[in-house]
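Okay, here's what each chain looks like letter by letter:
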There are 4 protein chains.
Amino acid sequence: MTIQTAVLIETLTALGAEVRWCSCNIFSTQDHAAAAIARDSAAVFAWKGETLQEYWWCTERALDWGPTGGPDLIVDDGGDATLLIHEGVKAEEVYEKTGQLPDPSSTDNAEFQIVLTIIRDGLKADPKKYTRMKERLVGVSEETTTGVKRLYQMQANGTLLFPAINVNDSVTKSKFDNLYGCRHSLPDGLMRATDVMIAGKVAVVCGYGDVGKGCAAALKQAGARVIVTEIDPICALQALMEGLQVLTLGDVVSEADIFVTTTGNKDIIMVNHMRKMKNNAIVCNIGHFDNEIDMLGLENYPGVKRITIKPQTDRWVFPETNTGIIVLAEGRLMNLGCATGHPSFVMSCSFTNQVIAQLELWKEKATGKYEKKVYVLPKHLDEKVAALHLGKLGANLTKLTKDQADYISVPIEGPYKPPHYRY
Amino acid sequence: MTIQTAVLIETLTALGAEVRWCSCNIFSTQDHAAAAIARDSAAVFAWKGETLQEYWWCTERALDWGPTGGPDLIVDDGGDATLLIHEGVKAEEVYEKTGQLPDPSSTDNAEFQIVLTIIRDGLKADPKKYTRMKERLVGVSEETTTGVKRLYQMQANGTLLFPAINVNDSVTKSKFDNLYGCRHSLPDGLMRATDVMIAGKVAVVCGYGDVGKGCAAALKQAGARVIVTEIDPICALQALMEGLQVLTLGDVVSEADIFVTTTGNKDIIMVNHMRKMKNNAIVCNIGHFDNEIDMLGLENYPGVKRITIKPQTDRWVFPETNTGIIVLAEGRLMNLGCATGHPSFVMSCSFTNQVIAQLELWKEKATGKYEKKVYVLPKHLDEKVAALHLGKLGANLTKLTKDQADYISVPIEGPYKPPHYRY
Amino acid sequence: MTIQTAVLIETLTALGAEVRWCSCNIFSTQDHAAAAIARDSAAVFAWKGETLQEYWWCTERALDWGPTGGPDLIVDDGGDATLLIHEGVKAEEVYEKTGQLPDPSSTDNAEFQIVLTIIRDGLKADPKKYTRMKERLVGVSEETTTGVKRLYQMQANGTLLFPAINVNDSVTKSKFDNLYGCRHSLPDGLMRATDVMIAGKVAVVCGYGDVGKGCAAALKQAGARVIVTEIDPICALQALMEGLQVLTLGDVVSEADIFVTTTGNKDIIMVNHMRKMKNNAIVCNIGHFDNEIDMLGLENYPGVKRITIKPQTDRWVFPETNTGIIVLAEGRLMNLGCATGHPSFVMSCSFTNQVIAQLELWKEKATGKYEKKVYVLPKHLDEKVAALHLGKLGANLTKLTKDQADYISVPIEGPYKPPHYRY
Amino acid sequence: MTIQTAVLIETLTALGAEVRWCSCNIFSTQDHAAAAIARDSAAVFAWKGETLQEYWWCTERALDWGPTGGPDLIVDDGGDATLLIHEGVKAEEVYEKTGQLPDPSSTDNAEFQIVLTIIRDGLKADPKKYTRMKERLVGVSEETTTGVKRLYQMQANGTLLFPAINVNDSVTKSKFDNLYGCRHSLPDGLMRATDVMIAGKVAVVCGYGDVGKGCAAALKQAGARVIVTEIDPICALQALMEGLQVLTLGDVVSEADIFVTTTGNKDIIMVNHMRKMKNNAIVCNIGHFDNEIDMLGLENYPGVKRITIKPQTDRWVFPETNTGIIVLAEGRLMNLGCATGHPSFVMSCSFTNQVIAQLELWKEKATGKYEKKVYVLPKHLDEKVAALHLGKLGANLTKLTKDQADYISVPIEGPYKPPHYRY
């Protein structure tokens, strides 16, 4: 719920939508943006610094149009709204068949306990709420690598309840937002949280996907020596071609000054790593969930002390060494938690994809074009998103002649590339 | 026919193949490499500085195992061997039905006239040569963007005569050879041909695909101010995000010092552009064919004078202005014509893909796995190519735990990415 | 008065000094740092967002130890404390001779009117205050290019009242703080003030000295297209060698998105330039005084409207076009006004020079080593400052053998370079 | 004796000089350039691939105008012509006093033995040759860091025989030729000699002065991971600020792929280092003399085998490991030996300084302005050199107003910087 999403909300409203909104991250709301939207445009359930309980309460509130209404479309980011509906429907089906309520104590995952609690508490009041919701829903357009992964898993399992457009894998999203957005907002977050001089430091970037590439580029350009960790040999070889060293976290944990996780996986930096770090090493995550960093292990480490330097900047001191590390945004997305997320220009690329996806789902709602599967936007729409952004930057595109277009077998007006093209 | 292809030939020979070889470019043969291979390993039909007639004679010779033999597999680069066989088969079919021989004067294209002449002359001696060849052929593995485009066109038209593996679109080929290879060999070619100081100059890169990205990066890093021309808004937006100006050739033709074509299209720099360039502007092509630059228009320009500074470096002087431009490698691939092509490490990535493709085609020759279509290598082989090259660069890969692999739904040993992933 | 100067104050205090402190810039104080120092270490006269009256009141207060005390040494930054004393002494001499008080209305310069007012008001109470001060003063160590320029002018005019050490021209100051400090803090200021995406934008850097070099590098690395304006052909040629375009402000004023002044001169961006800029062009100064930007012309432009987006970020709207520009920090140093100045590591280099200079002045106070002239620190101390900072960054220096040292005619332990060496 | 020096010779000739010329490096002559000059403009004593005997014979021949003539001015590069005259005069003085001839066996240095032999052999024929020469000589202008160091040593010892202008320390020489020239010609030399792919490799740059900075920048930009060795803590800190690791050669000798010496010192890479290097590690020098690399130790290593891959590219195989290293240009300047030296644009900056220095010496030959000391050119001439090169690169300089010039206390037309300014 940033100023960029505020403009997205205004756009959707101007296109005729009635919008309810929540945040995808407990720290990422910009309260002034939320206030302006709440005043002018939409129901907003978001503030900076939510607890996890509040976060899921907000998510549930954003989805609740009352007994006779409901969302027709979801703009999702990370997939939590989609998750809540899918879990809600599952619980309602079990409840209908067996009378059994979901049991929060059935899981170790603290956050999932909250999800189950919310569903359980709602079930008693309205045992068909999520079922009605999914029946009404035309579809979801999903923003992130993480949310998209969940969608493909549900598609593979046959459990996806409505059509989904994978906005993340538009070229004008993943190759811009993830890459250039993070190249901008990683140093922004580091500087606002710690003012650390990046030049001369050793920085470890865990993961060299689009996000990792953006982070490594930013750190290298600012004068750090960057070391990459990777599981994928292709991405590792790309890092090497850019002059970056590829090592394991264990190889460099005691030597580096800045650690950034970008993997979308979990258990990347464990408390056992953190114990071995230099005093005042900075640890942060710009991947997706806070489980990239072992926050649970850190919190439960015997004798560890947490000193809050300022909101979203904590020093954790280990009892054996009396040295400490600086953890940003409690392990959550540091660019949103410690700075203001990606800048408007790149978010405009992403959100133009979102708006086009929403329009497309709505236009085709009755045609059956979209089944309960995951789709990417067709390439001509992806190219359109790019074209819409060129004027602002003073670009002058070249036009193909008919003869040239025929020679390379593309239409003059595009699309210009085969589907497998990687950009 | 460079030292890198020499090692590829030795590898194929060591794997049991009997190899006949020709070059894909009239200027790219390294005579010492050709000589060594001819002495030790294979029949070679290639030398630096062939005429077009000699080039196609070489191609025909390389394919000729005599009446009872023939190629089982083709390693192609640009698709000329594949083209010759397809045109040969087509001509043989017409001849069989109608008795008509191909007529070189039926085309304006000087090079295609040579192709038809060769086929015509061969037809009289052996009217089934290419037909026998295509029947024996297990498949082709193709190296380049240009060659692959031809293959997909034939697949679309239903005229492809044997299975084809698109090696170009292995990540470890197109994202390495095309990008990092050109980043290396473009300045190499410029320096050897002209010794021009790149720093401070204005350079125009036509096209911002993988090759263009590599060229633009090299020129920018060497201190040039780089301007990109593009037809594709997505690639244009990528250029802008890297700080490059995007304009049309017409906008900058009188202002720039260095012009590089990387498009894979034709008619990019026309004689009308060249007339307006600064004195001693450098014009070169690293895309694919020499028709990116209007060499025909240049040669036929009334009163133009060609002064050969040294082989593959010509100054063309226009009569009106008495100023001239420097054209490299007669408009053909300047990195091969003026330098020695890509360096070994990146060619090793490409050729490992070629070898794997050849092995795969041969292994599956009787199983029907490969139809008369174009295939890319499966991702696990692509990752294998990368993995084979990490040790040389001292990399240390991270291993997924079982738990992490499950969390992101990939096998521990890969492949790690969905097919649409863009790297 | 930032956290970095706080550490400097603590260091000076630990070395035995009694410290009084004010800020060098009305926006640059970090109030939490000032509060901590005021509580623990020194008298502090500084807060974020002073008026100019308050600023000079603070300066006067910082210098006032009461009738029997006074500063022995000055750590100056920009030379305002030094200026006040020199102007004070001058006024006291006139007053003694003629009984005439300084007349603030004798100058058009609003800030200098304040200086004269303060001196005039003090004169009546104590007509020998500044004279006593200069007699007691052992010397000043000056931090900035601007302050140093004033000192050399006074030296040339024979009006310098006490010895001065030019800390700015230590290599470990001007080639680090000015260059790498600004490379870090310029984007920091831009991001905090506006969140603008730098990638893809056209940025004009006025001046390509050390500060300009740092700014241009930062903007280029973040993906902007950078244009430099210069008066000095040597610096201009350096910019060109880095791929930057060199034009005049008039050439590009309507085309650029971001304007940064770094010259140390005045009247760089005039209101007549600002009127022609694109809507929401960003205008800021990281040189030294706010007169690099014609703030007076802007404020007095008929019909102009100032809209404060947030503190230190103003939109100025011109009546003819109803478009506006964004001016940062009211034309004052944007890295201090909109962010937190340079990061600690680089300030440590600068302030180590300051401390060494203060120790040197004090040690030699009675020896006559330093006359009323401007000095730079000897090279061995400059090298010492660097050496003290290598360990933090994990560097491992090579040691000369005796034989090698003799061969290049330097002592084994340094200094290693002739005085004219440029680094 | 390259095409760039050819233009210098033509320029000097056009200005009225009678020129005799030799090379400063046994490998750096471009024979076509030498041939053209010998035909049209000047006596040339230089060819590619001289022995050391031939090299000094050429030097002696270039200085010999016969008994009644002699050089009025010397353009020197490395100081060998100056050295020969100084040693010649010294020997003639000893001979006059004592009748003793110089004894080549008095030194271990093989090259100096040749110098003494040449002087000895000449002495018998003409015992006053060098003495007459030095009496006639108006002065020398010296091009290189190394030559300049010798001049300052002679100035310090009081043995300098004629005035010298230090061209190397013009900003437009050392900050352009040494830095940007090497940034260009180091990769050029590497590519022509070995075609090695620089991306992904570990490169060690010994020395981070202007030459080292250029080399490190080139290697980093080409995708290598660069490690710097330094003795000077200031230069080391500069390297760190650019993200380069600073270690000793011993730390990394077994890990790196490419080693470049840039120090101007001796004994940098010893045979004991070379023994420990990886197979096919590349070792080269772009500093000045071949004693940066322990060529003598290598040649005399028991059992070592030298395999010449091609001229100026040798593989040296150690008997213990049967692995070898690649040494370029026999340890001499690899950019001259393996490529064609710096490109014309940057040499034009350097040689404009040379021409201006020669004109200045000649103009002042009778005025006594220049004593037997070392001088740098005044800043306004340095700025003039830069200004003369801006037009070619399309730059547009800004002009100071009178008001601005007064404000910063410089003349409108320059010079713009104080003498100590570092650029």
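Not measured: the values here are computed from a predicted model.

Contact residues are listed per partner, giving 13 residues for chain C and 13 residues for chain B. Taking both sides of the interface into account, the surface hidden between chain C and chain B amounts to around 920 Å²; carbon and sulfur atoms contribute 57%. At the boundary of chain C with chain B, the tally comes to zero salt bridges. One can count six residue pairs in polar contact (both at pLDDT 80 or more) joining chain C with chain B.

Superposing chain B onto chain A takes a rotation of 180° plus a shift of 0.0 Å along the axis, which leaves an RMSD of 0.0 Å. Such a turn and shift between the copies fits a two-fold axis. Proximity to the rotation axis, assessed at the C-alpha, singles out Arg422 of chain B in chain B; its C-alpha lies 2.2 Å from the axis.

Time to look at the domain arrangement of chain A. Residues and elements named next belong to chain A. Domain annotation of chain A identifies domain 1 (3–169 + 343–382) and domain 2 (181–338). Just the C-alpha atoms count here: the centres of domain 1 and domain 2 sit 29 Å apart. In this assembly, 15 residues from domain 1 lie in contact with 12 residues from domain 2. Roughly 1,100 Å² is buried in total at the junction of domain 1 and domain 2, and carbon and sulfur atoms are behind 62% of that figure. Here domain 1 and domain 2 share zero salt bridges between them. The interface formed by domain 1 and domain 2 includes one residue pair in polar contact (both at pLDDT 80 or more). Within the side of domain 1 that touches domain 2, the residues separate by chemical class into five nonpolar, five polar and five charged.

Counting residues in hydrophobic clusters, the biggest one holds 105 residues, and the most contacted among them are Ile85, Leu190, Leu219, Leu237 and Leu328 of chain A together with Met1 of chain B. Top contributing element to this core by residue count: helix 15 (residues 344–363) of chain B, with nine residues. Apart from the residues lying within four places of it in its own chain, the contact partners of Leu237 of chain A are Phe176, Phe345, Cys349, Ala386, His389, Leu390 and Leu393 of chain B.

Below, the discussion takes up the sheet that holds strand 4 (residues 139–142) of chain D. Two strands in a sheet stick together by hydrogen bonds in their backbones, pointing the same way (parallel) or opposite ways (antiparallel). Residue and element names in this part refer to chain D. Taken together, the four strands give an open sheet; going across it, the order is 3-4-5-14, and neighbouring strands pair in parallel fashion. Taken across any chain shown, the strands that pair with only one partner, and hence form the sheet edges, are strand 3 (73–76) and strand 14 (374–375). Where strand 3 and strand 4 come together, four bridges link them in parallel fashion. Each bridged residue has a counterpart across the sheet, and for Ile74 the counterpart in strand 4 is Val140.

Here the focus is the sheet that holds strand 3 (residues 73–76) of chain C. Judged by pairing direction, the sheet is parallel, and its four strands sit side by side in the order 3-4-5-14 (chain C) without closing on themselves. The open sheet has two free edges, formed respectively by strand 3 and strand 14 (374–375) of chain C, since each of these has just one partner strand.

Right, let's talk about the side chain of Arg422 of chain B for a bit. One can find Arg422 of chain B in the segment after helix 17 (402–407). At 4.7 Å, Asp169 of chain A is the nearest oppositely charged side chain to Arg422 of chain B, a buried residue that forms no salt bridge. In this structure the side chain of Arg422 of chain B is engaged in a polar contact, spanning 2.8 Å, whose partner is the backbone oxygen of Asp169 of chain A. Not counting residues within four places of it along the chain, the set of residues in contact with Arg422 of chain B comprises Asp169, Ser170, Val171, Ser174, Lys175, Tyr421, Arg422 and Tyr423 of chain A together with Lys175 of chain B.

According to the stated counting rule, one finds 24 aromatic pairs over all chains in the structure shown. Look at Tyr370 of chain C and Tyr375 of chain C: their rings are 4.7 Å apart centre to centre, the planes differ by 80°, and that puts the pair in the edge-to-face class. Here the two residues Tyr370 of chain C and Tyr375 of chain C agree in accessibility, since each one is buried. Each ring, one from Tyr301 of chain D and one from Phe318 of chain D, has its centre 5.2 Å from the other, and the planes form 90°; the classification is edge-to-face.

Take unusual backbone geometry next. Peptide bonds are mostly trans, and most non-glycine residues show a negative phi. In this structure, the amide linkage connecting Gly414 of chain A to the following residue, Pro415 of chain A, adopts the cis form with an omega of 0°. The residue Pro415 of chain A is located in the segment after helix 18 (402–407) in this model.

The next subject is the interface of chain B and chain A. Contacts between the two partners involve 67 residues from chain B, matched on the other side by 67 residues from chain A. For the pairing of chain B and chain A, the buried interface totals around 6,200 Å² over both sides, and the portion due to carbon and sulfur atoms is 59%. Contact with chain A buries area across many residues of chain B, yet Ile231, Ile234 and Arg422 of chain B alone supply 13% of it, more than any other trio. Our count for the chain B to chain A interface comes out at six salt bridges. With its nearest N and O atoms 3.4 Å apart, the salt bridge here joins Glu242 of chain B to Arg183 of chain A. Secondary-structure elements contributing two or more residues to the side of chain B that touches chain A are helix 7 (145–157), helix 8 (171–194), helix 9 (210–221), helix 10 (233–241), helix 15, helix 16 (379–390) and helix 17 of chain B. Looking at the side of chain B that touches chain A element by element, the count peaks at eight residues for helix 10 of chain B. A class-by-class count of the residues in the side of chain B that touches chain A yields 30 nonpolar, 19 polar and 18 charged.

Mean pLDDT for chain A: 96, with 100% of residues reaching 70 or above. Interface predicted TM-score (ipTM) for the complex: 0.94; the corresponding pTM is 0.95.

We now examine the pattern of salt bridges. Enumeration over the complete set of coordinates arrives at 95 salt bridges over all chains. Between Arg306 of chain D and Glu330 of chain D there is a salt bridge, with its nearest N and O atoms 3.1 Å apart. Separated by 24 residues along the polypeptide, Arg306 of chain D in strand 11 (residues 305–310) and Glu330 of chain D in the loop between strand 13 (324–328) and helix 14 (334–337) bring together distant segments of the chain. Judged by its relative accessible area of 40%, Arg306 of chain D is partly exposed. Through salt bridges with shared partners, one network takes in Glu60, Arg61, Asp64 and Lys129 of chain A.

Thresholds applied
Residues numbered from 1 in each chain as written. Chains lettered and ligands numbered in written order. Predicted model: local features only at pLDDT ≥ 70, side-chain atom pairs only at ≥ 80, totals over all residues. Heavy atoms only, no water. Contact = heavy atoms within 4.5 Å. Buried area = accessible area lost by both parts, 1.4 Å probe. Salt bridge = Lys/Arg side-chain N within 4 Å of Asp/Glu carboxyl O. Polar contact = N/O pair within 3.5 Å; in protein donor to acceptor, adjacent residues only side chain to side chain. Least-squares fit on C-alpha atoms with pLDDT ≥ 70 in both. Domains from an automatic or database assignment. Nonpolar A, V, L, I, M, F, W, Y, C, P; charged D, E, K, R; others polar. Core = buried A, V, L, I, M, F, W, Y, C linked by side-chain atoms within 4.5 Å. Buried < 20%, exposed > 50% of the residue type's maximum accessible area, 1.4 Å probe, protein only. Helix = DSSP H or I, 4+ residues; strand = E, 2+ residues; numbered from the N terminus. Pairing = 2+ DSSP bridges. Lys, Arg positive; Asp, Glu negative; His and termini not counted. Phe/Tyr/Trp six-rings, centres within 6.5 Å; stacked < 30°, edge-to-face > 60°. pLDDT = per-residue confidence, 0-100.

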